[in-house]
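# Fold and contact review
The residues making up each chain are set out below.
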Amino acid sequence: MAFIDQPILTIAIPTYNRSKYLDRALHYIHIQIKDLNSLIEIIVSDNCSNDDTTSVVQKYIDNGLEIRYIKNEINKGADFNIAQCFLKAKGKFVVAFGDDDVFNKGSIERILFVLNKYNEVGLFYLNWKVIDTDNSLKEESSEIIIYDDYSAFYEKINQSITFISGIIVNSKYIKKVDFNKYLQSCLIQLPLYLEASFGAEYNIIHKEPLIGVQPENSGGYSFSNVFGENMDRIFEIYSTNVSRKKIFENIKIRLLMENFPVWVYRTKTQKVTYTDISDIHEVLSLVYSKYFHYWLFVYPIIIMPNGILKSLWGIYRVYKYALRRILLCLKPTSKSGTVVKFYLEKNI
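On a predicted model such as this, the values are computed, not experimentally measured, just so you know. (Residues numbered from 1 in each chain as written. Predicted model: local features only at pLDDT ≥ 70, side-chain atom pairs only at ≥ 80, totals over all residues. Heavy atoms only, no water.)

### Some details on the environment of proline 300
For the record, the criterion: Every helix listed is a DSSP run of H or I at least four residues long, and every strand listed is a run of E at least two residues long, numbered separately from the N terminus. The cut-offs for exposure are 20% and 50% of the maximum accessible area for each residue type, with area from a 1.4 Å probe on protein chains only; residues under the lower value are buried, those over the upper are exposed, and the others partly exposed. Here, residues are in contact when the closest pair of their heavy atoms is within 4.5 Å.
Position of proline 300 relative to the elements: it lies in helix H10 (residues 292–303). Residue class for proline 300 comes out partly exposed when judged on its relative accessible area of 25%. Every residue in contact with proline 300, bar those within four places of it in the chain, is listed here: Tyr294 and Trp295.

### Some remarks on the pairing of strand S10 (residues 203–206)
The test is simple: For two strands to pair, DSSP has to find at least two bridges joining them.
Residues of S10 alternate between two faces, with Asn203 and Ile205 on one and Ile204 and His206 on the opposite face, all of them buried. Looking at chain direction, strand S6 (residues 123–125) and S10 are connected through two bridges and run parallel. Bridging across to S10, tyrosine 125 finds its partner in isoleucine 205. By the bridge criterion, four bridges tie strand S8 (residues 141–147) to S10 in an arrangement that is antiparallel. Bridge pairing in S10 places tyrosine 147 opposite asparagine 203.

### Quick notes on the environment of serine 224
Cut-off, in case you're wondering: In protein, a polar contact means a hydrogen-donor-capable atom and an acceptor-capable atom, both N or O and within 3.5 Å, with residues adjacent in sequence counting only if both atoms are side-chain atoms; elsewhere, any N or O pair within 3.5 Å suffices.
In this structure, serine 224 sits in helix H7 (residues 223–238). Each C-alpha atom of the pair serine 224 and valine 283 lies 6.2 Å from the other, and the pair is 59 residues apart in sequence. Side-chain polar atoms of serine 224 contact the side chain of serine 222, separated by 3.2 Å.

### Observations regarding the side chain of asparagine 72
In this fold, asparagine 72 is placed in the loop between strand S3 (67–71) and helix H3 (78–88). A distance of 2.9 Å separates a polar atom in the side chain of asparagine 72 from a polar atom in the side chain of asparagine 47. A polar contact of 3.1 Å, which involves the side chain of asparagine 72, links it to the side chain of glutamine 84. The contacts of asparagine 72, once residues within four sequence positions are left out, are Asp46, Asn47, Cys48, Phe80, Asn81 and Gln84.

Shown next as structure tokens:
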């Protein structure tokens, strides 16, 4: 790839007091970029950490990794910090990358190839797997799926539209979003992703996971508020046609079948950092009581005593899996995308 003035990709990492994870994230970037510095901009947006985050960043700068290090004078909240990542980025494409996630070995070169070839893409979904001891890509070739129908794209990624590390966005859509309207929502990225996916000619999914994700490491917010009223308010703004409304309905249903039961279980039975305590039903029912999925999948977990819930969790998971499969099989088949396969060594 030839040198260009504007970076193809900005990798912007919002962080706060997680220097151990940040060190790992930067390591996986450093070992991959080689002579790609001119194509990639790296930002670390530090929300006034008081651990050794600054020392970790400086270590990589001293070792030749070009990093724009931004340290806020005070902690301005996670939403502000994530928005800052998008607003400060110079790249044609941007990913706000979680400090506890990693780029699997070999992934960055493949990402750059796709972005260089398909440079009008709105969103590029990278796919993910849980971090393991290797984190290398298994396939010599890559397959991407190109969707010119955003409804079909959402049928595949669904509720993963909120996952910052897994989504690269075309930076031309950043100016279309007033991030100040969404501060304190814990979903500051969502309006941008909706703008890009709905506005672009096409969106892309990479079939093999390019991202390694730290399991069970989320928290510090109320999942019932964030994925209840906060998300619903954003969806209302973008529900400008029937197709979008259907997409948002499907996202809510998938959350009810797949995510909420696990989040409720963990909140009730494990030491987690979600802030939900006793008002989960009161909050969730404001948005979800009209869905029968809520009463089948979530409400039983909310009202069940903790001891019984722990003992029956294995049985419930079988019930949930079987019922989910039945309901998904009843859905009509969505339009498929265009599959493109490439061998990196032959194209770059």
